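# What the coordinates show
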Amino acid sequence: GVESVTFEHWPRRDAGWMGAWDRRTGKYPEVDWANVNATLEVVAAIVDRYAAHPAVMGLEPVNEPWNWTPLDALKRFYWRGYKIVKARAPTWRFVMHDAFRFTADAWGGFMAGCPDIALDTHVYQAWADPGPRLKFYVDACQAKNKIALLERSFGPVVVGEWSLATDNCAMWLNGLNDNLPGFPKLPCKFIPCAEPYMGSH
C-alpha cells in the first residue's frame, strides 16, 4: 500500500535549537548538545527508514540554521550527521545549509575530499532594498559569481530555495499573517483572496 508521510515544523526550529540565546550579549553562553543530539537521532531514523528507497538520494539535516548559530558547533553537527548518513546510506548525498553565511571564509575547505557533499544556499531578492529593474539583474549576476566562487573553494552548491519575486508583499512568508519587522519596504496592493476551489464549506 501507499504510505502517507507528513512533515511538521521541527519543534526546536527557532534560535533555541542550539541553546539559550542571550539577547543582551548576542551570543550563546553554551550549546545545548541535547537538542543537537536529538536532531541527529531523527536524522538516523530518517536514513534508516528511507535508505533503500529508490526516490531518495540524500538528506539535508537542518534547513536554514540562523546566521548567529556558532559556526564551529554547526560544522561539528554537520560532520556527525554526515557520518550517520554515509554509514547507513553510502550512496546518498549530504547537503548542508550555509546558515546565511555564503562565503569562502566560512565554508572554503570544509569537509575537503569527502564524497557526496553539497552546500545549500537560498537566493531571494524579495527582502532587498527597492530599486530599478536593472538592480535585480545585477544582483542575479552577482549571485552567480558568488556561487562560482564557493564551488571553487568548497565544492558543489545547490540553490535549494529561490524566487523571482522582487518584493515580499505576499503574506505568510514568515508565518501566518505575518512578515518580518520593517517589511514590506514598498506599498503593497492587496486584492481579495480567490474563492476556495473546493467550495466555501
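Structural data are supplied above this passage.
Keep in mind it's a predicted model, so treat the numbers as computed, not measured.

Our next topic: the packing of aromatic side chains. Centre distance and the angle of the planes are the two values used to describe a pair of aromatic rings. All chains considered together, the criterion is met by 12 aromatic pairs. Aromatic pair F77 and Y78: ring centres 5.7 Å apart, planes at 45°, arrangement tilted. Each member of the pair, F77 together with Y78, is buried. A ring pair is formed by Y78 and W107, whose centres lie 6.1 Å apart and whose planes are at 45°; its orientation type is tilted. In this pair, Y78 is assigned in helix α2 (residues 71-88) and W107 in helix α3 (residues 104-107), connecting sequence segments 29 residues apart. We classify Y78 as buried; its relative accessible area is 0%. Relative accessible area serves as the criterion here: at 0%, W107 is assigned to the buried category. Aromatic ring contacts, followed pair by pair, group W17, F77, Y78, W79, Y82, F94, W107 and F110 into a single cluster. Sitting over the face of the ring of W107, K75 holds its NZ or CZ atom 5.3 Å from the ring centroid.

Bringing the nonpolar core into the picture now. Residues L74, F77, Y78, M96, W107 and F154 are the most contacted members of the largest nonpolar core, which totals 36 residues. The set of elements that each furnish at least two residues to this core consists of α1 (33-50), α2, β2 (93-97), α3, β3 (117-123) and α4 (133-153). At eight residues, the largest contribution of residues to this core is made by α2. Apart from residues lying up to four places away in sequence, F154 is in contact with M96, W107, G109, F110, I117, A118 and L119.

So, about α2. Along its 18 residues, α2 runs 26 Å from first to last C-alpha, staying within 8% of the 26 Å computed at 1.5 Å per residue. Where α2 is buried, its residues meet α1, β1 (58-59), β2, α3 and β3.

Within this structure, the stated rule accounts for one cavity of 30 Å³ or more. Roughly 60 Å³ of volume is contained in the largest cavity. Contributing to the lining of the largest cavity are A126, A128, D129, P130, F136, T166, D167, N168, K185 and L186. Looking at the lining of the largest cavity, its residues break down into five nonpolar, two polar and three charged.

A separate point is the sheet that holds β3. Note on sheets: strands pair through backbone hydrogen bonds, and any given pair is parallel or antiparallel. If you trace the four strands from one edge of the open sheet to the other, you get β1-β2-β3-β4, paired in parallel fashion. The open sheet has two edge strands, β1 and β4 (157-162), and neither has a second partner. Both β3 and β4 contribute to a ladder of five bridges, which runs parallel. Each bridged residue has a counterpart across the sheet, and for T121 the counterpart in β4 is V159. Here α2 sits on the sheet in contact with β1, β2 and β3, set at roughly 160° to β2. Sheet strands touched by α4: β3 and β4. Its angle to β4, the strand with the most contacts, is close to 145°.

The rules behind these values
- Residues numbered from 1 in each chain as written.
- Predicted model: local features only at pLDDT ≥ 70, side-chain atom pairs only at ≥ 80, totals over all residues.
- Heavy atoms only, no water.
- Phe/Tyr/Trp six-rings, centres within 6.5 Å; stacked < 30°, edge-to-face > 60°.
- Buried < 20%, exposed > 50% of the residue type's maximum accessible area, 1.4 Å probe, protein only.
- Helix = DSSP H or I, 4+ residues; strand = E, 2+ residues; numbered from the N terminus.
- Lys NZ or Arg CZ within 6 Å of the ring centre and 35° of its normal.
- Core = buried A, V, L, I, M, F, W, Y, C linked by side-chain atoms within 4.5 Å.
- Contact = heavy atoms within 4.5 Å.
- Expected span 1.5 Å × (residues − 1).
- 1 Å grid on protein atoms, 1.4 Å probe; cavity = no way out; pocket = protein on both sides within 12 Å on 5 of 7 lines; lining within 4 Å.
- Points joined across faces, edges and corners; volume = space filled by probe spheres on them.
- Nonpolar A, V, L, I, M, F, W, Y, C, P; charged D, E, K, R; others polar.
- Pairing = 2+ DSSP bridges.
- Axes fitted to C-alpha atoms, helices over the stretch in contact; angles between N-to-C directions.

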